[in-house]
Amino acid sequence: MTEQHSRPVRCPICADEFAWPDEPVVSLYDAEHARYDLVDISALPAAKQADLTRRGYRACPNPSGDTTPHYLPATYADYSDPLVVGLIGAPTSGKTHLLTAMIRQAYTGGLRPYRITAAALDFRRHAHFRETYIEPFERGGALPGTHTGIIEAADILLLRGPGGERPVTFFDVAGEDLESPEARNRASRFLVGADAVIFVHASEDPLDTKRQVAESENKSFDLAIERLQGIEGARALPATIAVTKADRLRYQPPVDRWLRRGDEQVLNAERIRAESRDVYAYLHHVGAGASLRPFESFARSTLHFVSASGGDVVVGDDLTRRFPRGVRPVRVLEPLISILAMTGVIPGSEAEMVGRP
């Protein structure tokens, strides 16, 4: 672990920047009373200090004073620059299923081909994410949509690999909040501090005869891009477009070719470029040109076909929504791998070419 105290840190939740405190005091969460208690650990042996710090928190001072109290892991600033990744997409686009499958696969060794391991940086937050999303998903349950008004990160992982140790914070907010023009909506504030963005577009069901093929706007994408473009240097922000629910198109070219490949094992910029061309052509063909705006707005971007569940939801006699054959995620890590390559978490000359024209 690298000693990097009193460094400037941007809070991923409120987007304020502040000097990370250099003091032997941490906040420990008291589950019984649902509160954070300040604890002075200066008199403890070094091993105990390190253990409590790893499990403790620091309150964000929120210098702007514009949001509710929130906490970050006490070790958040002890590693290389944190990476904040946001998922953008309309309601029912499949953001939550994609993020759940992505974190599950990363946490269970899916990044090992790239010599990267994943661990929880915030133990409590990851336990909540696992109990609320991953475990029901593994049992074949369909996940509910994200509630509106959520400002907290979904999960914070610590990735360790050749590029060093990087905390990665994931945000998944409700599509309704992403489409809201309300200036005081704090749920989408993470965009101000985002280091990379995954835009999520749901593929259409080819059996749905009511599908509108005509070009239409993508409000989630449009509002997010306009807000991002108001930030200096936003064009350099790494972006990827994930076409979810691609299992609906498993027998249609070119989607069938990519789904048959399954999860990749080697980083290959030319292969990613080929998939990006195919996804671009698909979106253009089905009249979803508005969802291609991220490709036109950011200097480095990739496009991917993914399937978080492997099939569509079925509503049972008891009105529960389930995946009747369980879940079989396919290529869900590909958008994340592209992001990791474009942000230096995966280093090297091949990674440098990912997302470039």
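These notes cover the structure that comes with them.

What counts and how
Residues numbered from 1 in each chain as written. Predicted model: local features only at pLDDT ≥ 70, side-chain atom pairs only at ≥ 80, totals over all residues. Heavy atoms only, no water. Phe/Tyr/Trp six-rings, centres within 6.5 Å; stacked < 30°, edge-to-face > 60°. Helix = DSSP H or I, 4+ residues; strand = E, 2+ residues; numbered from the N terminus. Buried < 20%, exposed > 50% of the residue type's maximum accessible area, 1.4 Å probe, protein only. Lys NZ or Arg CZ within 6 Å of the ring centre and 35° of its normal. Axes fitted to C-alpha atoms, helices over the stretch in contact; angles between N-to-C directions. Parallel < 35°, antiparallel > 145°, perpendicular 65-115°, else oblique. Contact = heavy atoms within 4.5 Å. Nonpolar A, V, L, I, M, F, W, Y, C, P; charged D, E, K, R; others polar. Polar contact = N/O pair within 3.5 Å; in protein donor to acceptor, adjacent residues only side chain to side chain. Core = buried A, V, L, I, M, F, W, Y, C linked by side-chain atoms within 4.5 Å. Pairing = 2+ DSSP bridges. Salt bridge = Lys/Arg side-chain N within 4 Å of Asp/Glu carboxyl O.

With the rule as written, the count across this model stands at 11 aromatic pairs. Relative to Tyr57, the ring of Tyr36 lies with its centre 5.5 Å away and its plane at 80°, an arrangement referred to as edge-to-face. A residue pair is termed long-range when its members are at least 10 positions apart, and Tyr36 in strand E4 (residues 35–40) and Tyr57 in strand E5 (residues 57–59) qualify at 21 residues. A residue is classified by how much of its surface remains accessible, and Tyr36, at 27% relative accessible area, is partly exposed. Residue Tyr57 is classed as buried on the basis of its relative accessible area, which comes to 4%. Of note, Arg124 hangs over the ring of Tyr29, and the distance from its end group to the ring centre comes to 3.6 Å.

At a closest axis distance of 10 Å, the pairing of helix H2 (residues 95–107) and helix H3 (residues 123–138) adopts a crossing angle of 105°. Taken together, the axes of H2 and H3 lie roughly perpendicular to each other. Of the residues in H3, those touching H2 at Thr96, His97, Leu99, Thr100, Ala101, Ile103, Arg104 and Tyr107 are His126, Phe129, Arg130, Tyr133, Ile134, Phe137 and Glu138. Residues of the contact of H2 with H3, tallied by class, amount to 8 nonpolar, 4 polar and 3 charged.

One can find Arg248 in the loop between strand E12 (239–244) and helix H6 (255–261). As for Arg248 and Ala34, which are separated by 214 residues in sequence, their C-alpha atoms are 44 Å apart. Within the structure, the side chain of Arg248 is placed 2.8 Å from the backbone oxygen of Ser203, a separation counted as a polar contact.

By size, the foremost hydrophobic cluster in this structure holds 49 residues, and its most contacted members are Ile88, Phe199, Leu283 and Phe305. The contact partners of Leu283, leaving out residues within four places of it in the chain, are His201, Ile241, Val243, Ala288, Gly289, Leu292 and Leu303. Of all hydrophobic cores here, the second largest spans 47 residues; its members include Ile134, Phe137, Phe170 and Ile339.

One open sheet holds the 7 strands; their spatial order is E8-E9-E10-E7-E11-E12-E13, and the pairing between them is mixed. Edge positions in the sheet fall to strand E8 (117–120) and strand E13 (301–305), since each of these pairs with one other strand and no more. Taken over all neighbouring pairs, the strand axes of this sheet differ in orientation by 25° on average, direction set aside. Bridge analysis of E8 against strand E9 (residues 155–161) gives 4 bridges, and the strand direction is antiparallel. If you follow Ala119 over to E9, its bridge partner there is Leu158. Across the sheet, H3 lies against E8 and E9, angled at about 110° from E9, the strand it touches most. Helix H9 (residues 334–342) rests against strand E7 (83–89), E9, strand E10 (164–172), strand E11 (196–202), E12 and E13 of the sheet, and its axis sits at about 165° to E13.

With that out of the way, let us pick up the pattern of salt bridges. Applying the stated rule across the entire model yields 20 salt bridges. For the salt bridge of Glu138 with Arg104, the shortest nitrogen-to-oxygen distance reads 2.9 Å. Taken as a pair, Glu138 in helix H3 and Arg104 in helix H2 lie far apart in primary sequence, 34 residues in all. Given a relative accessible area of 38%, Glu138 falls into the partly exposed group. The shortest N-O distance in the salt bridge between Asp122 and Arg125 comes to 3.2 Å. Side by side, Asp122 and Arg125 carry an identical accessibility label, which is buried. Taken together, the shared-partner salt bridges connect Arg261, Glu264, Arg271, Glu275 and Arg331 into one network.

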